[in-house]
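Working through the structure, step by step
Residues per chain, in single letters:
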Amino acid sequence: MQNIAAFKQLIGTPRDIVITTHTKPDADALGSSLGLALFLKHMGHRVTVITPTDYPKFLTWMKGNDEVVIYNDNNEAKSQTLIDSAEIVFCLDFSSLSRIDDLGERVREATAVKVLIDHHLAPEDFADFMRWSTEAAATAELVYDLIEEIGGEYLVDKDIAECLYAGIMTDTGCFKHPNTTENVFAVSSKLIRKGADTAKVSKLIYDSNTVDRIKFIGFALSERLQILEEYNTAFFAISEEDLKSFHSRTGDTEGLVNYALSIEGIKFAAMIIDRGEAVKMSFRSIGEFSVNEFARTHFQGGGHKNAAGGISRENLQLTIAKFEKLLVGYKEQLNPKLKTLV
Ligand code: 5GP
Ligand code: MN
C-alpha cells in the first residue's frame, strides 16, 4: 500500500463498501473477498460482496455466502445501485477490469475510492490504493498481511480465518507449488491460531465431489487427454456435449488440468473447454515456460507465470489447431533437447 496511513484513515469511519472479485471466483477470489468483508463488518462498515458470475458449490460454506450478490444472475441493477452508493470499492484477486466483464466498466466509472489487492502479473492502473505483490501466493495472504499492518488482527475470528486459509491452501496447490513461501506458512499458522479448522476446510473444498464429477474426471483422463511428447505438453480438449453428458456444474472442471501437469516430463499443460459462448482455456507450466505470456500473447488472457488462463472466440476444433500450431514456435523452450533445423 503506497500510503498506509491514508488507507487507515479512509477505513477509520464506517463506510458503504463493495468488494468485487473475478469471473467464476475460485477459493482465493471468494475467500479473500468474504474474509475481508467479514473483517470490515467487524470494523463497523456496511459491506456487500458482488461477484460477476456464480461459483462452485464447494465454496458456498464460507460465512457470508448467502449475502453475495451475483451480478449476472439478474442483479445488474442492484449491483449498479450498490456501486453508485459505495464510498469504497475493493477489487480482489484480479489485475485488470476486463476480468470482471461488464462489471468492470461500472467499477471504472464509480466515484468510490478504489482499492486493488492482488497477486497477478501486470496490474492495470485504475486504483487509488494498491496492495499488489506477485511474491504473494494468494490474495488471501495479502489481505491477512494488510489486516495485520493496520493493527486489525484482533478482529480476525474463526470464520475470517477459514475464508482466508481456503484461498492460501488452494492457490498454493495445498502447499505444493513454488509459491509456498515462509510467509505462507507464517500466515497459515496465524490463521490456525485464530481457529481455522484446516482439515474441515480441506474436506469441504476437495472432498465434496459428486459421482458425476468423479466419472467426468475418469472420462476426461481416458478419452480426452492428448500428449504431445515432442513439446513436453499434455492437454485436455472438452466439448460442450462432454460437459452436458456428465451434468457438469460450475467448478467441476477445476483442477483437471493438474492431472496433465502431473505426468512425468510434462512442462506445459492445458485444458481447452468449449463453454458455448466461448472456448475457455487454462494453462499450467513447470519451470521457466511462462503461461502468463503465452495466454496474454495468443488468447487474450493472463495470470501468473505458471498458472494462467485465456479465451478463444473460435470453435473448439479451430482453437485446438491454433494451440497445436503455436507450440511449434515454443519448441526449443519446451524441449531444449530438440534443435530446430532451419
Ligand atoms: P484457472 O486456469 O484456474 O481458471 O486460472 C489460472 C490463473 O489464471 C488464475 O490466477 C486466474 O485468475 C487467471 N486467469 C484465468 N483465466 C483468465 C483470463 O481469461 N484472463 C486473465 N487475465 N487471467 C485469467
Ligand atoms: Mn489468487
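As a reminder, the structure under discussion sits directly above these lines.
Residues numbered from 1 in each chain as written. Chains lettered and ligands numbered in written order. Predicted model: local features only at pLDDT ≥ 70, side-chain atom pairs only at ≥ 80, totals over all residues. Heavy atoms only, no water.

Thoughts on the site of ligand 1
By nearness alone, 13 residues border ligand 1, and Arg-99, His-120, Lys-280, Ser-282 and Arg-284 come closest of all. In this structure, Arg-284 approaches ligand 1 through a side-chain N or O atom, which is 2.8 Å from an oxygen atom. At 3.2 Å from an oxygen atom of ligand 1 is found a side-chain nitrogen or oxygen belonging to His-304. In terms of residue count, the dominant contributor to the shell around ligand 1 is strand E12 (residues 307-312) (4 residues). For the shell around ligand 1, a count of residues per class yields 2 nonpolar, 8 polar and 3 charged. (Near = heavy atom within 4 Å. Polar contact = N/O pair within 3.5 Å; in protein donor to acceptor, adjacent residues only side chain to side chain. Helix = DSSP H or I, 4+ residues; strand = E, 2+ residues; numbered from the N terminus. Nonpolar A, V, L, I, M, F, W, Y, C, P; charged D, E, K, R; others polar.)

A closer look at the packing of aromatic side chains
Going through the model one piece at a time under the given rule, you end up with 19 aromatic pairs. Pairing Phe-283 with Phe-294 gives two aromatic rings, centres 5.3 Å apart and planes at 85 degrees, and the pair type is edge-to-face. Residue Phe-283 is found in strand E10 (residues 279-285), and its partner Phe-294 is found in helix H12 (residues 291-298); the two are separated by 11 residues along the sequence. As far as burial versus exposure is concerned, Phe-283 and Phe-294 are alike and both buried. Judged by its relative accessible area of 0%, Phe-294 is buried. (Phe/Tyr/Trp six-rings, centres within 6.5 Å; stacked < 30°, edge-to-face > 60°. Buried < 20%, exposed > 50% of the residue type's maximum accessible area, 1.4 Å probe, protein only.)

Quick look at the sheet that holds E12
The 6 strands are arranged E7-E8-E9-E10-E12-E11 in an open sheet whose pairing can be described as mixed. Where the open sheet ends on each side, the last strands, each with one partner, are strand E7 (225-228) and strand E11 (302-303). The pairing of strand E9 (residues 268-274) with E10 spans 7 bridges and is antiparallel. What sits directly across from Met-271, in E10, is Ser-282. Along the sheet face, helix H9 (residues 211-223) touches E7 and strand E8 (233-238) and points at about 125 degrees away from the line of E8. With respect to the sheet, helix H13 (residues 316-328) is in contact with E7, E8, E9, E10 and E12, its orientation differing from that of E9 by roughly 165 degrees. (Pairing = 2+ DSSP bridges. Contact = heavy atoms within 4.5 Å. Axes fitted to C-alpha atoms, helices over the stretch in contact; angles between N-to-C directions.)

Focus on helix H7 (residues 182-193)
Taking 1.5 Å of rise per residue, 12 residues should cover 16 Å, and H7 covers 17 Å from first to last C-alpha, within 8% of that figure. Listing the buried residues of H7 in full gives Val-184, Val-187, Ser-188 and Leu-191. Buried residues of H7 fall within an arc of 100 degrees about the axis and therefore sit on the same side. The outward face of H7, more than 90 degrees from its buried face, is lined by the exposed residues Glu-182 and Arg-193. (Expected span 1.5 Å × (residues − 1). Arc of directions from axis to C-beta.)

So, the packing of helix H3 (residues 76-85) against helix H4 (residues 102-109)
Where H3 meets H4, the axes come as close as 10 Å, and the angle between the chain directions of the two elements is 20 degrees. Compared by their axis directions, H3 and H4 come out roughly parallel. Both H3 and H4 take part in a crossing whose hand is right-handed. Contacts from Glu-76, Gln-80 and Ile-83 in H3 reach Leu-103, Arg-106 and Val-107 in H4. (Parallel < 35°, antiparallel > 145°, perpendicular 65-115°, else oblique. Left-handed = near helix turned anticlockwise from the far one by under 90°.)

Some points on the pairing of E9
With 7 of its 7 residues buried, E9 lies for the most part within the structure. Of the two faces of E9, the one holding Phe-268, Ala-270, Ile-272 and Asp-274 and the one holding Ala-269, Met-271 and Ile-273 are both buried throughout. In this structure, E8 lies alongside E9, joined through 6 bridges in parallel fashion. Bridge pairing links Ala-234 to Ala-269 in E9. The loop that links E9 with its antiparallel partner E10 comprises 4 residues; one of these, Gly-276, has a positive phi angle of about 90 degrees.

Observations concerning the side chain of Arg-213
Locating Arg-213 in the fold gives a position in helix H9. Despite being buried, Arg-213 has no salt bridge partner; Asp-252 is the closest side chain of opposite charge, sitting 4.2 Å away. In this structure the side chain of Arg-213 is engaged in a polar contact, spanning 2.5 Å, whose partner is the side chain of Asn-209. In this structure the side chain of Arg-213 is engaged in a polar contact, spanning 2.6 Å, whose partner is the backbone oxygen of Glu-254. Ignoring sequence-local partners within four residues, the contact set of Arg-213 consists of Gly-251, Asp-252 and Glu-254. (Lys, Arg positive; Asp, Glu negative; His and termini not counted. Salt bridge = Lys/Arg side-chain N within 4 Å of Asp/Glu carboxyl O.)

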